[in-house]
Amino acid sequence: MTSDALKSLVRTVPDFPEPGIQFRDITTLIGDGEGLAASVHQLAEIARNAGATKIAGMEARGFIFGAAAAVQLGIGFVPVRKPGKLPVKTIGIDYALEYGTDRLEMDPEGVSADDNVVIVDDLIATGGTALATVELLRMAGARVKSALFVVDLPDLGGAEKLRAADVDVRALMQFDGD
Ligand code: AMP
């Protein structure tokens, strides 16, 4: 499936969740069998070439693509979760949003110093979520050199932020604007 065909499966919903935001909705992409398979296959191949030993995905849409790519490669999946969800002692990181802060948590035993973890999420916008995930995984001792997204919004500068943190960034498609 071509990049343009894949891109045509992403639905754009104007003014969600607030006025002025163009929400790039992957629900329509994952609802299409061919689109879901092609996007997972492409992400898995990039992760394989990056030498991934584990995939980490962020709650919630990162779970869909990340876990499926991990299955395809036969490697483990590490869920990076919203606060208070994991039943064990976690490590966490607070990060800034446009308004206020948010927090991500993980099980520190989910990765080891031998792991080369590749991050997978549906979309990178400002990069705040992905950068916090990189820091969290590095706190847990893993190596993180690569982050993969279905959608990049390059005008919001997230990919540049990750590259400045020594993380290679790849996306299956880009949308101009925010
Ligand atoms: P950020 O931390 O700014 O890179 O935002 C990334 C997270 O917010 C991703 O996990 C997306 O699911 C979601 N997100 C941010 N902006 C959009 C958008 N315009 N359309 C769809 N999802 C978005």
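Up top you'll find the structure we're talking about.
Below, the structure is looked at part by part. (Residues numbered from 1 in each chain as written. Predicted model: local features only at pLDDT ≥ 70, side-chain atom pairs only at ≥ 80, totals over all residues. Heavy atoms only, no water.)

Membership of the largest hydrophobic core comes to 28 residues, with the highest contact counts inside it found for Met 106, Val 111, Leu 137 and Leu 162. Put simply, the parts of the chain that give this core at least two residues each are strand S3 (54–58), strand S4 (76–80), strand S5 (91–96), strand S6 (101–106), strand S7 (116–124), helix H5 (128–139), strand S8 (143–152) and helix H6 (158–164). Sequence-distant contacts of Met 106, defined by excluding residues within four places in its chain, comprise Val 78, Pro 79, Leu 86, Thr 90, Ile 91, Val 111, Leu 136, Leu 137 and Ala 140. (Core = buried A, V, L, I, M, F, W, Y, C linked by side-chain atoms within 4.5 Å. Buried < 20%, exposed > 50% of the residue type's maximum accessible area, 1.4 Å probe, protein only. Helix = DSSP H or I, 4+ residues; strand = E, 2+ residues; numbered from the N terminus. Contact = heavy atoms within 4.5 Å.)

The next point concerns the site of the ligand. The immediate surroundings of the ligand are formed by 14 residues, with Arg 61, Ala 125, Thr 126, Gly 127 and Thr 129 found nearest. A distance of 2.9 Å separates an oxygen atom of the ligand from a polar backbone atom of Ala 125. Here Thr 129 contributes a side-chain N or O atom positioned 2.6 Å from an oxygen atom of the ligand. Within the complex, 80% of the 480 Å² of free accessible area of the ligand lies under protein. Mapped by element, the contributors of at least two residues to the shell around the ligand are strand S2 (22–25), S7 and H5. The dominant element in the shell around the ligand, judged by the number of residues it contributes, is S7, at 4 residues. For the shell around the ligand, the residue count by class is 5 nonpolar, 5 polar and 4 charged. (Near = heavy atom within 4 Å. Polar contact = N/O pair within 3.5 Å; in protein donor to acceptor, adjacent residues only side chain to side chain. Areas by Shrake-Rupley, 256 points an atom, 1.4 Å probe, with all protein chains shown as cover. Nonpolar A, V, L, I, M, F, W, Y, C, P; charged D, E, K, R; others polar.)

Within this structure, the stated rule accounts for 2 aromatic pairs. Ring centres 5.8 Å apart and planes at 85 degrees place the aromatic pair Phe 63 and Phe 77 in the edge-to-face group. Of the two residues, Phe 63 sits in helix H4 (residues 61–73) while Phe 77 sits in strand S4, which places them 14 residues apart along the sequence. You can call Phe 63 partly exposed: its relative accessible area is 21%. Looking at Phe 77, the relative accessible area reads 26%, which means it is partly exposed. For the cation-ring pair, Lys 7 lies above Phe 175, with the distance from its terminal atom to the ring centre recorded as 4.7 Å. (Phe/Tyr/Trp six-rings, centres within 6.5 Å; stacked < 30°, edge-to-face > 60°. Lys NZ or Arg CZ within 6 Å of the ring centre and 35° of its normal.)

Glancing now at the pairing of S7. Counting buried positions along S7 gives 8 out of 9 residues, so the element sits mostly inside the fold. Relative to S7, S3 runs parallel, the two being bridged by 4 bridges. Residue pairing for S7: Gly 57 is matched across the bridge by Val 120. Relative to S8, S7 runs parallel, the two being bridged by 8 bridges. When the sheet's bridge partners are listed, Asp 121 is paired in S8 with Phe 149. Between S7 and its parallel partner S8, the chain crosses via H5, and the hand of that crossover is right-handed. (Pairing = 2+ DSSP bridges. Right-handed = clockwise from strand over helix to strand, strands pointing away.)

Among the secondary structure elements, Asp 122 is positioned in strand S7. Ignoring any residue separated from it by four or fewer positions in sequence, one finds Asp 122 in contact with Ile 26, Arg 61, Gly 62, Phe 65, Phe 149, Val 150 and Val 151.

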